[in-house]
Amino acid sequence: MRASGFLFKVLGLVLCQAAAGRGKANMTSMLAPQANRVMAIGEWEERWQEDRIGFHQPNVHKMLEMYIDKVTVGRTGVRFFFPLCGKALDMKWLADTGHSVVGVEISEKAIKQFFEESNMTYSEEAVPDIPGAKVYKGSERNISLYQCDLFNFSSSVGGQFGAIWDRGSLVAINPQDREKYAALITSLMAKDCRYLLDTLLYNPELYSGPPFLVPDEQVHSLYGNSCNIELLQSEDVLTERNRGWGLDYLTEHVHLITPKSN
């Protein structure tokens, strides 16, 4: 009986490893059409300069409004991090309710437009730890926006955060940089951090991105070792604009990611 029990355990382990291997192969196949797609930083700056910013939303994102209580869980004065923040109205909305916001954005135009369109004055100063970088600080609200390459930002520059809102960042960075991105984000998470991540699902054979496809399997691959991941929402968000990209479906997923307790 002991021998048969041992054999069952070995068989179970082999089957699990085989299933994991198939899952990894399926994910690799799914991501293959966009695997080598690269958007240079200069291209993003050009989009801002030419006002080709269809990714900017003119309102506070409904998913942030819907799940803000799951992010704050009763906490006040939470430090929020916005990777690739653009000029998102979400930042002012959070600051107006007493939270502080730190964002990173490559486009100086986007940062200045955020403050100007929010009717806020701001100061501007160099960032000693990042050559060539600047930080813009709101005078009326606790908002600091760093103009620099996201991968030059770190916890030694901005500290750690109690919340992260990632609406258009993971889906915008080059697919080959996702592991580096996840390592940066997890390094910025305080022990009580609650990270709200918005991803998109579609057929990558039909559209090269950005925004890029980020399947749930990859979210778990990137963050699952160190974090708990909960899928909060799955919604069909296909619009006529997306049909113009050639898509026949577009699904938005919202995940809540929290550090595993030691």
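1. Section: the nonpolar core
Alright, step 1. Ranked by internal contacts, the top residues of the largest apolar core, which has 33 residues, are Phe81, Tyr146, Phe153, Tyr195, Tyr223 and Ile257.
Alright, step 2. Taken together, the elements giving at least two residues each to this core come down to β2 (100-105), β6 (161-166), α7 (178-187), β7 (189-201), α8 (216-223) and β8 (227-236).
Alright, step 3. Setting aside anything within four residues of it in sequence, one finds phenylalanine 153 in contact with Phe81, Val102, Val104, Ile130, Tyr146, Gly158, Phe161, Leu184 and Leu188.
Alright, step 4. Ranked by size, the runner-up nonpolar core spans 26 residues in total, among them Cys85, Ile111, Met120 and Ile143.

2. Quick look at the pairing of strand β4 (residues 134-138)
Alright, step 1. Relative to β4, strand β3 (residues 122-126) is paired through five bridges, and the arrangement is antiparallel. Its bridge partner lying in β4, tyrosine 122 is registered against glycine 138.
Alright, step 2. From the end of β4 to the start of strand β5 (residues 143-147), which pair antiparallel, there are four residues.

3. A short note on helix α2 (residues 41-49)
Alright, step 1. Of all the residues in α2, the buried ones are Trp44, Arg47 and Trp48. An end-on view of α2 places all buried positions within 100° of arc, on one side of the element.
Alright, step 2. Each element contacted by the buried residues of α2 is listed here: β2 and α5 (108-117).
Alright, step 3. After α2 finishes, the residue aspartate 51 shows a positive phi value of roughly 55°.

4. Section: the confidence of the model for the protein chain
Alright, step 1. Put simply, the protein chain has an average pLDDT of 91, and 90% of its residues get 70 or more.
Alright, step 2. The low-confidence segment residues 10-20 (pLDDT under 50) makes zero contacts with residues lying over four places distant or belonging to another chain.

5. Focus on the sheet that holds β2
Adjacent strands of a sheet pair through backbone hydrogen bonds, lying either parallel or antiparallel.
Alright, step 1. Spatially, the nine strands line up as an open sheet ordered β3-β4-β5-β2-β1-β6-β7-β9-β8, and their pairing is mixed. Two strands bound the open sheet, and with one partner strand each, they are β3 and β8. Strand-to-strand twist across the sheet, computed as the mean angle between neighbouring axes with direction ignored, equals 20°.

Conventions adopted
Residues numbered from 1 in each chain as written. Predicted model: local features only at pLDDT ≥ 70, side-chain atom pairs only at ≥ 80, totals over all residues. Heavy atoms only, no water. Core = buried A, V, L, I, M, F, W, Y, C linked by side-chain atoms within 4.5 Å. Buried < 20%, exposed > 50% of the residue type's maximum accessible area, 1.4 Å probe, protein only. Helix = DSSP H or I, 4+ residues; strand = E, 2+ residues; numbered from the N terminus. Contact = heavy atoms within 4.5 Å. Pairing = 2+ DSSP bridges. Arc of directions from axis to C-beta. pLDDT = per-residue confidence, 0-100. Axes fitted to C-alpha atoms, helices over the stretch in contact; angles between N-to-C directions.

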